[in-house]
Amino acid sequence: MRANYVANADDKKILDPYAALWNSAQAETIAMEGTPAAMQPTAAIRASWSDKPIGAVNKVSVKAIHNGKSMAFRLEWDAPRQNDSHGDNTVFPDGAAISFPLKPGASAMGMGTPDLPIGVWKWQADAAEEGKQIYAEGMGTSEVVDRGALKVKSEWKDGRWTVVILRDLQVIQDNAAVQFLTDQDAQFALAVWDGGSNERGGIKAFSGQQWLNLTLAARA
Amino acid sequence: MSKRQLAMVMDLNKCLGCHTCTVACKRLWTRDEAMEYMWWNTVNTMPGKGTPRDWEEMGGGFKDGKPQLGHLPSREEFGDAWKYNHEEVFSGGKAGAHLEIQGKKPEWGPNWDEDQGAGEYPNSYFFYLPRICNHCSSPACVAACPRKAIEKREDGIVVINEDRCRGYRFCMEACPYKKIYFNPDKGVSQKCIFCFPRVEQGVSNACARQCPGRIRFVGYLDDENSAVHKLVKKWKVAVRLHPEYGTKPNVYYVPPTSPMKFDADGHLDEKNPRIPEDYLKFLFGEEGLEAKRIIDKEMATVRNGGKSEILSVLIAYKWSEMFGGFDTDPATIEWTEV
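Residues numbered from 1 in each chain as written. Chains lettered and ligands numbered in written order. Predicted model: local features only at pLDDT ≥ 70, side-chain atom pairs only at ≥ 80, totals over all residues. Heavy atoms only, no water.

## As for the overall build of chain A
Applicable threshold: Secondary structure follows DSSP: runs of H or I at least 4 residues long count as helices, runs of E at least 2 residues long count as strands, and numbering of each begins at the N terminus. C-alpha atoms define the radius of gyration, and 2.2 Å times the number of residues to the power 0.38 defines the globule rule. Each residue is assigned to one of three classes by its accessible area relative to the maximum for its type, calculated with a 1.4 Å probe on protein chains only: buried under 20%, partly exposed between the two thresholds, exposed over 50%. To measure how exposed things are, a 1.4 Å probe is used in the Shrake-Rupley method; for residues, cover is taken only from the protein chains shown. Charged residues are defined narrowly, with Lys and Arg counted positive, Asp and Glu counted negative, and His plus the chain ends left uncounted. Note that the charge is assigned to NZ on lysines, CZ on arginines, CG on aspartates and CD on glutamates.
Secondary structure summary: chain A contains two helices and 14 strands in total. The C-alpha atoms of chain A give a radius of gyration of 17 Å, which matches the 17 Å a tight globule of 220 residues would have. Projecting the C-alpha coordinates of chain A onto the three principal axes gives extents of approximately 55 × 45 × 30 Å. Here chain A holds 220 residues, and the buried ones make up 54% of them. Element-wise, carbon and sulfur atoms account for 46% of the exposed surface of chain A, whose accessible area totals about 9600 Å². With 22 positive and 26 negative side-chain charges, chain A shows a separation of 2 Å between the mean positions of the two kinds.

## A short note on a nonpolar patch on the surface
Residues and elements named next belong to chain B. Applied cut-off: The patch calculation keeps residues exceeding 30% relative accessible area without a salt bridge and links them within 9 Å when they carry like charges or within 5 Å when they are nonpolar (Val, Leu, Ile, Met, Phe, Trp, Tyr). By definition, a salt bridge exists where a carboxyl oxygen of Asp or Glu is found within 4 Å of a side-chain nitrogen of Lys or Arg.
Side chains of W82, Y84, F90, L99, I101 and W112 sit close together on the surface and give an oily, nonpolar patch of about 590 Å² of accessible area. Along the chain, W112 falls in the loop between α3 (86–91) and β5 (127–131). Assessed through its relative accessible area of 40%, W112 is described here as partly exposed.

## Some points on the packing of aromatic side chains
This is how the line gets drawn: Working definition: a ring pair exists when centres of Phe, Tyr or Trp rings (six-membered ring for Trp) sit within 6.5 Å. Plane angles under 30 degrees give stacked, over 60 give edge-to-face, the rest tilted. By the criterion adopted, a ring carries a charge over it if an Arg CZ or a Lys NZ lies within 6 Å of its centre and within 35 degrees of its normal.
Using the criterion set out here, one finds 22 aromatic pairs over all chains in the structure. What links up through ring pairs into an aromatic cluster is the set F73(A), F100(A), W121(A), F180(A) and F188(A). The positively charged end of R200(A) is found above the aromatic ring belonging to F170(B), 3.9 Å away from the centroid. The ring of Y37(B) is capped by R75(B), whose NZ or CZ atom sits 4.3 Å from the centre of that ring.

## Details of a negative patch on the surface
Residues D32(B), E33(B), E36(B) and D185(B) make up a contiguous surface patch of negative charge. When its relative accessible area of 52% is taken as the criterion, D32(B) is described as exposed.

## Notes on the sheet that holds strand β11 (residues 239–240) of chain B
Residues and elements named next belong to chain B. Note the cut-off: Paired strands, as defined in this entry, are two strands with at least two bridges between them according to DSSP.
If you walk across this open sheet you meet the four strands as β10-β1-β12-β11, and the pairing is mixed. In this open sheet, the two edge strands, each paired with only one partner strand, are β10 (216–220) and β11. Alignment of strand β1 (residues 6–11) against β10, held across five bridges, turns out to be antiparallel. Looking at the pairing, A7 lines up with G219 of β10.

## Here's the deal with the pattern of salt bridges
In the structure shown here, the tally under the stated rule is 22 salt bridges over all chains. Among the salt bridges present, the one from R200(A) reaches E173(B), with a minimum N-O distance of 3.2 Å. Linking R200(A) in the loop between β12 (185–193) and β13 (205–206) with E173(B) in helix α5 (residues 170–174), this pair reaches from one chain into another. Take E173(B): its relative accessible area is 7%, and that puts it in the buried class. Across the pair K281(B) and E286(B) runs a salt bridge whose closest N-O atoms are separated by 3.4 Å.

## Quick word on the interface of chain B and chain A
Quick reminder of the rule: Whether two residues are in contact is decided by their heavy atoms: any pair within 4.5 Å suffices. Computed with a 1.4 Å rolling probe, the buried area is the accessible surface lost when two parts are put together, summed over both parts. Pairing of N or O atoms within 3.5 Å defines a polar contact, subject to two protein rules: one partner must be a possible hydrogen donor and the other a possible acceptor, and residues neighboring in sequence count only if both atoms are side-chain atoms. Here the nonpolar group is Ala, Val, Leu, Ile, Met, Phe, Trp, Tyr, Cys and Pro; Asp, Glu, Lys and Arg are the charged ones; every other residue, Gly included, is treated as polar.
Across the boundary between the two partners, chain B contributes 22 residues, which contact 24 residues of chain A. Interface area, chain B with chain A, both sides summed: about 1900 Å², of which 53% is carbon and sulfur. Across the chain B-chain A interface, the total number found is two salt bridges. Our enumeration of links across chain B and chain A arrives at 14 residue pairs in polar contact (both at pLDDT 80 or more). Residue composition of the side of chain B that touches chain A, grouped by class: 13 nonpolar, two polar and seven charged.

## Points about the state of the cysteines
All names here are of chain B. Worth spelling out the cut-off: Throughout, a disulfide means two cysteine sulfur atoms within 2.5 Å of one another.
The final tally for this structure, using the stated rule, is zero disulfides over all chains. In this model C141 remains outside any disulfide bridge; the closest cysteine sulfur is found in C133, 6.3 Å from its own. With no disulfide of its own, C145 lies closest to C171 among cysteine sulfurs, the gap being 6.7 Å.

## Focus on the pairing of strand β2 (residues 42–46) of chain B
Residue and element names in this part refer to chain B. When you tally the buried positions in β2, you get five out of five residues, the bulk of the element. By the alternation rule, side chains of β2 split into T42, N44 and M46 and V43 and T45, which are all buried. Pairing of β2 with β5 involves five bridges; the strand directions are antiparallel. Counted as the bridge partner of T45 is Y128 from β5.

## Considerations on the nonpolar core
Put simply, the test is: Joining through side-chain atoms within 4.5 Å is the link that ties buried Ala, Val, Leu, Ile, Met, Phe, Trp, Tyr and Cys residues into a set, and such a set is a nonpolar core.
In terms of nonpolar packing, the biggest core is built from 84 residues, with M8(B), V9(B), F217(B) and L231(B) touching the most fellow members. If we ignore the near neighbours within four places in the chain, the residues touching L231(B) are V9(B), F217(B), K236(B), V237(B), A238(B), V313(B) and L314(B).

## Details of the environment of V164(A)
All names here are of chain A. One can find V164 in strand β11 (residues 160–168). Along the chain, V164 and W193 lie 29 residues apart, while their C-alpha atoms are 16 Å from each other. Ignoring sequence-local partners within four residues, the contact set of V164 consists of I14, L15, P17, W22, F73, R74, K151, V152 and K153.

## Description of helix α8 (residues 227–234) of chain B
Residue and element names in this part refer to chain B. If you check which residues of α8 are buried, you get A227, V228, H229, L231 and V232. For α8, the elements touching its buried residues are β1, β10, β12 (251–254) and α10 (309–315). Downstream of α8 by one or two residues, K236 has phi in the positive range, about 55°.

## A few points about the side chain of N134(B)
Topologically, N134(B) is positioned in the loop between β5 and α4 (140–144). Excluding its chain neighbours within four sequence positions, the residues that come into contact with N134(B) are Y177(B), P249(B), N250(B) and V251(B).

## Brief notes about the environment of D54(B)
With respect to the helices and strands, the residue D54(B) is situated in the loop between β2 and β3 (62–63). Along the primary structure D54(B) and F78(B) are separated by 24 residues, whereas in three dimensions their C-alpha atoms are 9.8 Å apart.

## Focus: unusual backbone geometry
Residue and element names in this part refer to chain B. Cis geometry marks the peptide bond from M46 to P47, where omega comes out at -5°. Position of P47 among the secondary structure elements: in the loop between β2 and β3. Here the amide bond leading from T51 into P52 is cis, since omega sits at -10°, within 30 degrees of zero.

## Thoughts on the pairing of strand β9 (residues 143–146) of chain A
Along any regular strand, the residues point their side chains to alternate faces of the sheet. Examined bridge by bridge, strand β8 (residues 131–136) of chain A and β9(A) share three bridges and lie antiparallel to one another. Looking across to β9(A), one finds that Y135(A) is bridged to E143(A).

## Overview of helix α1 (residues 20–29) of chain B
Buried residues of α1(B): C21(B), T22(B), A24(B), C25(B) and K26(B), and no others. Packing partners of the buried residues in α1(B) comprise β2, α7 (206–209) and β10 of chain B.

## Thoughts on the side chain of D113(B)
Residue and element names in this part refer to chain B. Position of D113 among the secondary structure elements: in the loop between α3 and β5. Within the buried core, D113 has no salt-bridge partner, and the shortest N-O distance to an opposite charge, that of K49, equals 6.8 Å. Leaving out residues up to four positions away in the same chain, D113 has contacts with T45, G48, K49, G50 and W108.

Next up, the structure:
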């Protein structure tokens, strides 16, 4: 898919999920699938989830734009229930994440490896306007590398979540975060958690084994 | 695998159900906001549903050696923290105001079925069962956590690393004793830490040190001079709760003895104890019945004028001998609040 260049749009404007500038962005519907129970990191989780459905959200509509300074994704999906808290401790907040390979050859599955790590932008509904930038070298290794770099706006309306996540194209973060260059290709993958279905951690819907391609348009 | 193992023995014949242990723990570890509903130490009446309600039916642990996830207990099942009109009573200036529960009338609490027990008069019975995290040798929580956020220390204490924990609560599903709580404010799971900051200074656990009934013994299991070693390993009068859960707890219990039953004519029935053996077996397995037989025999010896080293240790004439060397006076230590 393509991230168009939007001139004269500041971050605040882009963060509004219903801003008119998003209307002209190309939407792509990404089919989601549940993570395989067999790939969960502990035997207890594998056994418990082997006969339960994983991945309640089966598609996500995604758009991406940049303004020459910031890169933004807008995710939208059906969520009949809004889970924005831990409730009575037996539910989990809804969530979404966009992951990126930090080195060529990193896999879109399995949260990276020590040699081929991934970076993640994560949003969770109990902290609706806070995004976490995460670095991971494998399942169970994710570390929050920065809480401040991401800007997020989310809204649940009419049985749908709409989440906009935005960050500077380039950040000083050693090699622990993705860097974007305009007029170049990037790769990303998606994950969505339906907290009401007890989805958390590795129990989630994801966009599949292959990275999704993203071309950043050159500045006009 | 830990190098050594700290353990606790609780003598159920001496527990008064006074909850001093619970309050000692509460004041020390769970006073922060969002921890109101947490009771890392509980004392429930048995037979009973306990806390969380019907925890014995919630699953988890290991089955045929394979780890299982069970039910994820809710705040309501734990008994939650009831809200009261403290402001109105203590500073509202209104005459006649008295403490009342606010909001929805609770239908369960952390000690809802206290002193209820079982059986029909005159053969009704109950006993108290204090519980903390069992700091298991095969901890189901450790096995379930996808982030390796739960560690078994070299001294055998099981702790949750709150920096690694993401609050997924697989550990709460996995623990068959349901002694792990979720802190929604911090987004992490929390539980009994066996008072490790005290133990590291040679001071025994707050619940044990403050127990007026002197029911709790603490020490290293391999320390042959410790009471826990003698009671668990040497004399085998202290046994594991629900050993079939497969996690190998390191909190051991001296099972409750009980008076005889009354028969239909009101005479003592010497053959049948008030607490049914089947129930003790359900709680403590065959080992529990064997432990009770040993205690019964020792009691008979003393009743007939003899001496029993086992009973002398259980009576705990000297409190300092209960703690396997962890008998430093906490008042002699300069504690730092973090």
